[in-house]
Each structure stands twice: as structure tokens, then as C-alpha cells.
Amino acid sequence: MDDEQMILDIVSRMLGHLGYDVTTCTDGSQAIAAFAKSKSHAETYDIVMMDLVIPNGVGGQDAVHTIKKIDPNARVIASSGHLDHPVMTDHSKYGFNAVLEKPYKLEKLQQVIETVISAPAA
């Protein structure tokens, strides 16, 4: 989930290259709706990646709490270029499983996702 279409396009291609199917959303409300719909159809997401700051929308910091209410074992990665953001310095305190700094590098993206997927459920 990101409010910038260019980032959604680039990350979707990167994730596709890594073998993942991708659903994109432009704000936290859409991400929550997509996550809830997937759970109701027993089709869970392996990972949810969310931008923290969405101007005039619901950002990842707010959406993560609702997603964790839907599924406490959801694996959620915070994404931001705001490296001094409190979530980026202490992600677990805010309900995230990991952080990913922008701009993305394919190797780092893969590493963070694999680490989060292989970690024991919370």
C-alpha cells in the first residue's frame, strides 16, 4: 500500500520478479478492505507492506491496528522514506513485524520479506 502509483508499479514488478502475487492499494482503508475480504474467503496474504504516511488518507501506522484485529498473526511491514519516524526506529512497539526503508533495493526487499515470513507467528 502506497499513495504513489509509481512506487506501487515498481514494487509490484520487483515482487513479481521474486515470484509473489501482488494486490496494490493506495491507502490504509483500501488495504484493510482487501485484507478483510481475503480473510473472509480464506485466502490470506503472506505479507502486508504499508507506507506509513498517506496525505489525506489512512496511513500504515493507523491501518496496522485494524489489520491485527482482523488477524493477530498478520505479518505487516512498515515502509517509509521518513527514517526518523518513530515506527521506523521501534516498529514492534507499533504492531509491525519489520520495516523497509525507501528507496527499495531488490535484495533488501527479498531479505526483509523472507525474514518476516520465516519468523514464528506472534
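Heads up: the structure comes first, above all this text.
Figured I'd write up the structure that's included with this text. Since the structure is predicted, the reported quantities are computational estimates derived from the model, not experimental observations.

Some details on helix α5 (residues 106-118)
Between the first and last C-alpha of α5 there are 18 Å, a value that for 13 residues agrees with the 18 Å anticipated at 1.5 Å per step. Of the residues making up α5, those classed as buried are Leu 109, Val 112, Ile 113 and Val 116. Down the axis of α5, the smallest arc covering the buried residues is 95°, so these residues share one side. Relative to its buried face, α5 has exposed residues pointing more than 90 degrees away, namely Glu 107 and Ser 118. In the core, the buried residues of α5 are packed alongside α1 (5-17), β1 (48-51), β2 (76-80) and β3 (98-101).

So, the nonpolar core
Met 50, Ile 67, Val 76 and Phe 96 are the most contacted members of the largest nonpolar core, which totals 21 residues. With 4 residues, helix α2 (residues 28-40) is the single largest residue contributor to this core. Setting aside chain neighbours within four positions, we find Ile 67 in contact with Ile 32, Phe 35, Val 48, Met 50, Ala 74 and Val 76. Formed by 14 residues, the second largest nonpolar core is a distinct cluster that contains Leu 15, Met 49, Ala 98 and Tyr 104.

Looking at unusual backbone geometry
Geometrically, the link from Lys 102 to Pro 103 is a cis peptide bond, its omega value of 0° lying close to zero. Tracing the backbone through its elements, the reader meets Pro 103 in the loop between β3 and α5. Positive phi outside glycine occurs at Ala 42, with the angle close to 55°. Inspection of the secondary structure assignment puts Ala 42 in the loop between α2 and β1. Even without being glycine, Asn 56 reaches a positive phi, approximately 60°. Within the secondary structure layout, Asn 56 lies in the loop between β1 and α3 (60-70). Taking the relative accessible area as the measure of exposure, Asn 56 reaches 86% and is therefore exposed.

Some words on the environment of Asp 21
Among the structural elements, Asp 21 can be located in the loop between α1 and α2. On the basis of relative accessibility, which here comes to 81%, the residue Asp 21 falls in the exposed class. It is 9.9 Å that separates the C-alpha atoms of Asp 21 and Asp 46, two residues lying 25 residues apart in sequence.

Here is what the cut-offs are and how they apply
All residue numbers here refer to positions counted from 1 along the written sequence of the relevant chain. Note on the predicted model: pLDDT of at least 70 is required for a residue's local features to be given, and 80 or more for side-chain atom pairs to be given and counted; whole-chain, interface and lining totals, by contrast, use all residues. Note that the side-chain values use all heavy atoms of the structure and ignore hydrogens as well as water. Going along the chain from the N terminus, every DSSP run of H or I of four or more residues is numbered as a helix, and every run of E of two or more is numbered as a strand. Given the number of residues in a helix, its expected span is that number minus one, multiplied by 1.5 Å. Categorising residues by exposure relies on relative accessible area from a 1.4 Å probe, with only protein chains included: less than 20% of the type maximum marks a residue as buried, more than 50% marks it as exposed, and the intermediate range marks it as partly exposed. Directions are taken from the helix axis to each C-beta atom, and the arc is the one they span. Residue contacts follow a heavy-atom distance rule, with two residues in contact if any of their heavy atoms lie within 4.5 Å. Throughout, nonpolar core names a set of buried Ala, Val, Leu, Ile, Met, Phe, Trp, Tyr and Cys residues whose side chains join them through atoms within 4.5 Å.

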